[in-house]
Amino acid sequence: MTQELVVVTGGAGFIGSHTVDRLLERGCRVVVLDNFSTGKRENLDHRRDDENLRIIEVNVADGIWAALSSVEQAWQPVDRIIHLAAQTAVVTSIVNPLDDIRSNYATTVHLLEYARCRGVKKVVFASSAAVYGDVDESPVRETAPKVPLSPYGIDKLGSEMYLRYYAEVHGIPTNALRFFNVYGPRQDPKSAYSGVISIFMDRASRGVGITIFGDGEQTRDFVFVGDVSRAIVTACFSESASREPVNIGTGNETTVNQLAQLVIDAIGSKSAITHAPSRAGEIVRSCADVGAAKASLGFEAQIPIADGLKQTADWFQSQS
Ligand code: NAD
Ligand code: UD1
């Protein structure tokens, strides 16, 4: 079998670096395009000597043609693209919606245009549960109303529509995956808007207090990054997957109260738990209906939350 070349935008980030690991293990050549705005070189340090990996520092919003033509000359044409690069802070998108259009919407079209001109075999896009906004349905099906409550969510939804358009009109196979709350090793806990599991893990491993916003009975569908990277690579190589966007979650809800205790247990921490007022616009229930991912991709999350938290705790403890 010929070795396939896969481009991963945002490949130095949290989900991206796990996806790169999986592609290299599969025997692919991998090109990472990343501007290191939130991604880190150290996320791929363990692959430093891998001759099948190239890392190119580039802002994908500035265009990708020059970067990719150098790869094409040195290696081979691009077979597949996994588009994960994004400005991921929802609050930043609210403060500066025009920047968000550039980094989270126009960028998708740049990549699709490249795919059209080069006859790329598949484009996989990281969408988000943020496309739904605050829906009544739980678990939420892909057919639920889409009322995104941020420019981030709007740009993810718009990107999905561009994927569909390129598939319908230009015949480029595409898959949009709507990730729920992803967690695991390499997730950066540094921002106030980092994923709750990374924040709780960081605080529990330092033995400082954990703050739960509101009564803690709000739920989320926490999905382990190893499952998410598997879904991405499955979609990337699936010839038969439907082009409809699919949810990537576990189908299980965990309350933030349960989560705090699970994290404390996984770390073996003595951190105290306190409560603070609810976040504005807090979503009360969030859970994926996972039937479409199973039907379309044959994908089902496999890692129970206790196991995923244990692996995450081990990683956080190895960092301190
Ligand atoms: P991350 O911040 O770790 O990864 C994003 C990567 O993209 C980083 O390496 C960053 O440096 C890079 N990047 C950002 N803008 C870029 C640009 N203009 N040019 C080149 N590189 C750029 O975040 P993540 O959690 O790994 O998210 C990956 C994708 O998954 C994003 O598209 C995000 O919106 C989506 N997503 C994540 C979650 C989650 O729970 N983590 C949930 C839903 C959707
Ligand atoms: C996610 C996005 C968020 C976006 C929202 C809507 C991430 C990390 N966040 O938020 O930017 O607006 O989807 O699409 O992807 N919590 C605490 N204590 C903390 C931190 C969080 O109790 O220190 C709670 C939050 O109030 C929330 C839950 O934990 O109830 C999860 O928070 P978070 O990880 O930020 O994810 P979302 O709220 O789902």
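Residues numbered from 1 in each chain as written. Chains lettered and ligands numbered in written order. Predicted model: local features only at pLDDT ≥ 70, side-chain atom pairs only at ≥ 80, totals over all residues. Heavy atoms only, no water.

Engineer: What exactly am I supposed to notice about the overall build of the protein chain here?
Structural biologist: Along the backbone of the protein chain there are 10 helices and 13 strands. A compact globule built from 320 residues should have a C-alpha radius of gyration of about 20 Å, and the protein chain, at 19 Å, falls within 12% of that. If you line up the protein chain on its principal axes, its C-alpha atoms span 55 × 45 × 40 Å. The buried share among the 320 residues of the protein chain stands at 53%. (Helix = DSSP H or I, 4+ residues; strand = E, 2+ residues; numbered from the N terminus. Rg over C-alpha atoms; globule rule 2.2 N^0.38 Å. Buried < 20%, exposed > 50% of the residue type's maximum accessible area, 1.4 Å probe, protein only.)

Engineer: When you look at the pairing of strand β5 (residues 122–128) in this model, what are you seeing that I'm missing?
Structural biologist: Sheet faces and side chains relate simply in a regular strand, where the side chains alternate between the two faces. Among the 7 residues of β5, 7 are classified as buried, and the element is accordingly described as predominantly covered. Side chains K122, V124, A126 and S128 project from β5 onto one buried face, and the interleaved V123, F125 and S127 project onto a second face that is buried too. Strand direction decides the pairing type here: β5 and strand β6 (residues 174–179), joined by 6 bridges, are parallel. Paired with V123 across the two strands is T174, which belongs to β6. Read as a crossover between parallel neighbours, the route from β5 over helix α5 (residues 151–170) to β6 is right-handed. (Pairing = 2+ DSSP bridges. Right-handed = clockwise from strand over helix to strand, strands pointing away.)

Engineer: I tried to follow the layout of surface pockets on my own but got confused; where do I start?
Structural biologist: Where empty space is left in the structure can be found by rolling a water-sized probe over the atoms. In this structure, the second largest pocket occupies an estimated 270 Å³ of space. Lining of the second largest pocket is provided by 15 residues; of these, P189, K190, W315, F316 and Q319 occupy positions nearest its centre. Contributing elements (two or more residues each) for the lining of the second largest pocket: α6 (196–206) and α10 (305–319). Classifying every residue of the lining of the second largest pocket gives 3 nonpolar, 5 polar and 7 charged. (1 Å grid on protein atoms, 1.4 Å probe; cavity = no way out; pocket = protein on both sides within 12 Å on 5 of 7 lines; lining within 4 Å. Points joined across faces, edges and corners; volume = space filled by probe spheres on them. Nonpolar A, V, L, I, M, F, W, Y, C, P; charged D, E, K, R; others polar.)

Engineer: What should I look at first to understand the site of ligand 1 in this one?
Structural biologist: As a matter of local geometry, ligand 1 sits amid 27 residues, with D34, T38, N59, L84 and Y152 nearest to it. A distance of 2.8 Å separates an oxygen atom of ligand 1 from a polar atom in the backbone of F14. About the coverage of ligand 1: the protein hides 91% of its 820 Å² of free accessible area. Taken together, the elements giving at least two residues each to the shell around ligand 1 come down to α1 (14–25), β5, α5 and β7 (181–183). Here the element with the most residues in the shell around ligand 1 is β5; it accounts for 3 residues. Each residue belonging to the shell around ligand 1 can be placed in one class, and the counts come to 14 nonpolar, 11 polar and 2 charged. (Near = heavy atom within 4 Å. Polar contact = N/O pair within 3.5 Å; in protein donor to acceptor, adjacent residues only side chain to side chain. Areas by Shrake-Rupley, 256 points an atom, 1.4 Å probe, with all protein chains shown as cover.)

Engineer: I would appreciate a short explanation of the side chain of R230 in the present structure.
Structural biologist: Locating R230 in the fold gives a position in helix α7 (residues 225–237). Within the structure, R230 has its side chain in polar contact with the backbone oxygen of E300 (distance 2.8 Å). Contact partners of R230, with chain neighbours within four places excluded, come to R22, F299, E300, A301 and Q302. (Contact = heavy atoms within 4.5 Å.)

Engineer: Sorry, what's going on with the site of ligand 2 here?
Structural biologist: Taken together, 17 residues lie around ligand 2, and V196, T211, F213, R220 and E282 are the ones closest in. Interatomic distance of 2.8 Å between a backbone N/O atom of T211 and a nitrogen atom of ligand 2. Between an oxygen atom of ligand 2 and a side-chain N or O atom of R220, the distance comes to 2.7 Å. For ligand 2, the protein covers 78% of the area, taking 730 Å² as the surface of the free molecule. Elements with a contribution of two residues or more to the shell around ligand 2: α6 and β8 (210–213). Taken together, the residues that form the shell around ligand 2 break down as 9 nonpolar, 5 polar and 3 charged.

Engineer: What is the right way to look at the sheet that holds strand β4 (residues 80–83) in this model?
Structural biologist: Sheets are built from strands that pair by backbone hydrogen bonding, the pairs being arranged parallel or antiparallel. A sheet is described by the order of its strands in space; here 7 strands give the open sequence β3-β2-β1-β4-β5-β6-β11, paired in parallel fashion. Each edge of the open sheet carries a strand with a single partner, namely β3 (53–57) and β11 (246–248). On average, each strand axis in the sheet is inclined to that of its neighbour by 20°, with strand direction left out of account. Two strands pair when backbone bridges link them, and strand β1 (residues 5–9) and β4 are joined in this way by 4 bridges, in the parallel orientation. Its bridge partner lying in β4, V7 is registered against I81. Where α5 meets the sheet, it contacts β5 and β6, and its direction lies at approximately 155° from that of β5. The strands touched by α7 within the sheet are β1, β4, β5, β6 and β11, with β6 carrying the most contacts at an inclination of about 165°. (Axes fitted to C-alpha atoms, helices over the stretch in contact; angles between N-to-C directions.)

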